Amino acid sequence: MIRQILIHPDPRLKKSCETVSVVDDSIRALMDDMLETMYEAPGIGLAAPQIGVLQRVVVVDCTRRDEGETPEPLCMANPEVVAASEELREYEEGCLSIPEIYAPISRPDTVTIRYIDRDGTTTERAFDGIWSTCIQHEIDHLNGRLFIDYLGPMRRRMITEKMKKLKRERARAEG
């Protein structure tokens, strides 16, 4: 089921999420809904708080589907960075909750993430490049942090005002 993606500023996007105690059918259904929502948007990552669910769940797929690459959906409960490179890489980041806004953000180039997969198995896996950036971005969401929080206060305020205007326009369009 495709869920509605919250748009900044929404107070739920600034909250820390609860730990998932067990990956059961309800969490797997949430993961499935999140993947469907992410692909429909289209995006490469989605965190549960972006659809109003304050649980530590993220989904990512950084394959280039538009170039014919086979999708590689990855579902994670309770993801945490257990190691990060000192080397940073800058990517132009965007966010489904802050549509059409992009900014260069520097993050560790490689990270090792510990998470629970959709089968309930605790896994550790290393990621680099865009996968590393995307997963770190989604983990930030679980801690109530948006990519614009890395920007200066004036730029952040301008983006927030733009998003408020977008929300008003969408509300008027929906009647």
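Before any of the text, the structure's been laid out above.
On to the overall build of the protein chain. Counting its secondary structure elements, the protein chain contains three helices and seven strands. Along the protein chain, helices and strands appear, N-terminal first, in the series α-β-β-β-β-β-β-β-α-α. For the protein chain, the spread of C-alpha atoms along the three principal axes comes to 45 × 40 × 35 Å. Residue pairs in contact within the protein chain that sit at least 24 positions apart in sequence constitute 65% of those at least 6 positions apart. Summing over all exposed atoms, the protein chain offers an accessible surface of approximately 9300 Å²; the carbon and sulfur share of this is 48%. Averaging the coordinates of the 24 positive side-chain charges in the protein chain and doing the same for the 31 negative ones gives two points 9 Å apart.

Quick look at unusual backbone geometry now. Across the junction of His8 and Pro9, the peptide omega takes the value -5 degrees, indicating a cis bond. Among the secondary structure elements, Pro9 is positioned in the segment before α1 (25-40). The residue after Ala41, namely Pro42, is reached through a cis peptide bond having omega -15 degrees. For Pro42, the position within the fold is in the loop between α1 and β1 (45-47). A positive phi angle, near 55 degrees, is found at Asn78, a position not held by glycine. The topology assignment puts Asn78 in strand β3 (residues 74-84). For Asn78, a relative accessible area of 15% gives the class buried. One non-glycine residue, Glu100, lies in the positive phi region at around 65 degrees. Relative to the elements of secondary structure, Glu100 occurs in strand β5 (residues 98-108).

Look at helix α3 (residues 153-174): 31 Å from first C-alpha to last across 22 residues, which is about the 32 Å you get at 1.5 Å a residue. Residues of α3 that are buried: Ile159, Thr160 and Met163. Projected onto a plane normal to the axis of α3, the buried residues spread over an arc of 100 degrees and lie on a single side. In α3, the exposed positions that point more than 90 degrees away from the buried face belong to Met154, Arg157, Met158, Lys162 and Arg172. Positive backbone phi, at 85 degrees, marks Gly175, one or two positions downstream of α3.

Attention shifts here to the pairing of β3. Pairing of strand β2 (residues 57-60) with β3 involves four bridges; the strand directions are antiparallel. When the bridges of β3 are listed, Val59 appears paired with Cys75. Relative to strand β6 (residues 110-116), β3 runs antiparallel, the two sharing five bridges. Within β6, the residue paired with Val81 across the bridge is Ile113.

Scoring rules and cut-offs
- Residues numbered from 1 in each chain as written.
- Predicted model: local features only at pLDDT ≥ 70, side-chain atom pairs only at ≥ 80, totals over all residues.
- Heavy atoms only, no water.
- Helix = DSSP H or I, 4+ residues; strand = E, 2+ residues; numbered from the N terminus.
- Contact = heavy atoms within 4.5 Å.
- Areas by Shrake-Rupley, 256 points an atom, 1.4 Å probe, with all protein chains shown as cover.
- Lys, Arg positive; Asp, Glu negative; His and termini not counted.
- Charge placed at Lys NZ, Arg CZ, Asp CG, Glu CD.
- Buried < 20%, exposed > 50% of the residue type's maximum accessible area, 1.4 Å probe, protein only.
- Expected span 1.5 Å × (residues − 1).
- Arc of directions from axis to C-beta.
- Pairing = 2+ DSSP bridges.

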